[in-house]
Amino acid sequence: MEQYKLHINNTIKGRKWLYVSTVIIWFSLILQITISIFAYLKEGRSLGGTLVQLFSYFTILSNLLAAICLTALFKTNSRLGKYFFQPRVFSAIALYITIVGLVYNLVLRSLWHPEGLFKLADELLHSVNPVLFVVYWLVYVPKASLKWSRALSWLWFPLGYSVYIFIRGSISHLYPYPFLNIDTLGLSRVAINSLLMLVAFLLIGFLFVWINRVIAKRGAAVTD
């Protein structure tokens, strides 16, 4: 941990990347939440329902985790800071926000065309923030010789998220993403889509474990 603190404090580029990334991610989250609240309220939704809807998006949750994680780096001795400094935790968040970028740009981008501030927030949350966070993780965060089974443990978040989405959807018939909408696609199709998503999480998780192990062998090892 002390080695990591020294590395952060003595790397000018690392500090700049951390500061810029933290500011941009928080800005994009606040912007998206603010403009969405006004838009939903204008449609007649309640404030409570609006907040539930916003925090039902994997994009919002993953970017929020990334923002908290980077913010924790400013107090390296805090309990929160020590937790997020762990390679297994930082790598998990890098995995989640990577999936956000990939799914949006490969699957969802063509489905809607935001304008104005919505477009700005959209691009930041789905394209810019994943790159900022993953580059910081790749270049400045210490790596560990993680066990391959670590990729399996990283599935708890998307699994828990899926359970929540389907329970909420069965009650409200509201789904945050079209490929999870049981009402329009049917249970079997959504089950296949969900399985494919979990496979994507697992495969990219293995990739992130491999990156950790390779870099750790090169001298930046931190025990798992």
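Residues numbered from 1 in each chain as written. Predicted model: local features only at pLDDT ≥ 70, side-chain atom pairs only at ≥ 80, totals over all residues. Heavy atoms only, no water.

Looking at the overall build of the protein chain
Part 1 of the argument: Counting its secondary structure elements, the protein chain contains 11 helices and 0 strands.
Part 2 of the argument: N-terminal to C-terminal, the α/β element order of the protein chain is α-α-α-α-α-α-α-α-α-α-α.
Part 3 of the argument: Its C-alpha atoms give the protein chain a radius of gyration of 18 Å, within 12% of the compact-globule value 17 Å for 224 residues.
Part 4 of the argument: Projecting the C-alpha coordinates of the protein chain onto the three principal axes gives extents of approximately 55 × 35 × 30 Å.
Part 5 of the argument: Sequence-distant contacts in the protein chain: of pairs separated by 6 or more residues, those separated by 24 or more amount to 75%.
Part 6 of the argument: Working note: accessible area of the protein chain is about 11800 Å², and carbon and sulfur atoms make up 70% of it.
Part 7 of the argument: The distance from the centre of the 20 positive side-chain charges to the centre of the 7 negative ones in the protein chain is 14 Å. (Helix = DSSP H or I, 4+ residues; strand = E, 2+ residues; numbered from the N terminus. Rg over C-alpha atoms; globule rule 2.2 N^0.38 Å. Contact = heavy atoms within 4.5 Å. Areas by Shrake-Rupley, 256 points an atom, 1.4 Å probe, with all protein chains shown as cover. Lys, Arg positive; Asp, Glu negative; His and termini not counted. Charge placed at Lys NZ, Arg CZ, Asp CG, Glu CD.)

Quick look at the confidence of the model for the protein chain
Part 1 of the argument: When pLDDT is averaged across the protein chain, the result is 89; 92% of the residues are at 70 or more.
Part 2 of the argument: Taken together, the stretch residues 220-224 has pLDDT below 50 and engages in 17 contacts with residues farther than four places along the chain or on a different chain. (pLDDT = per-residue confidence, 0-100.)

Quick look at helix H3 (residues 47-54)
Part 1 of the argument: Considered for burial, the residues of H3 that qualify are Thr50, Gln53 and Leu54. With its buried residues spanning 95 degrees around the axis, H3 presents them on a single face. (Buried < 20%, exposed > 50% of the residue type's maximum accessible area, 1.4 Å probe, protein only. Arc of directions from axis to C-beta.)

A look at the side chain of Ser21
Part 1 of the argument: Along the chain, Ser21 falls in helix H2 (residues 12-42).
Part 2 of the argument: Of the residues examined, Ser21 reaches a relative accessible area of 1% and is grouped as buried.
Part 3 of the argument: Those residues within four positions of Ser21 in sequence are excluded, and the remaining contacts are Leu70 and Leu132.

Some points on unusual backbone geometry
Part 1 of the argument: Phi at His173 is positive, roughly 60 degrees, even though this residue is not glycine.
Part 2 of the argument: The residue His173 is located in the loop between helix H9 (156-172) and helix H10 (182-185) in this model.
Part 3 of the argument: For His173, a relative accessible area of 48% translates into the label partly exposed.

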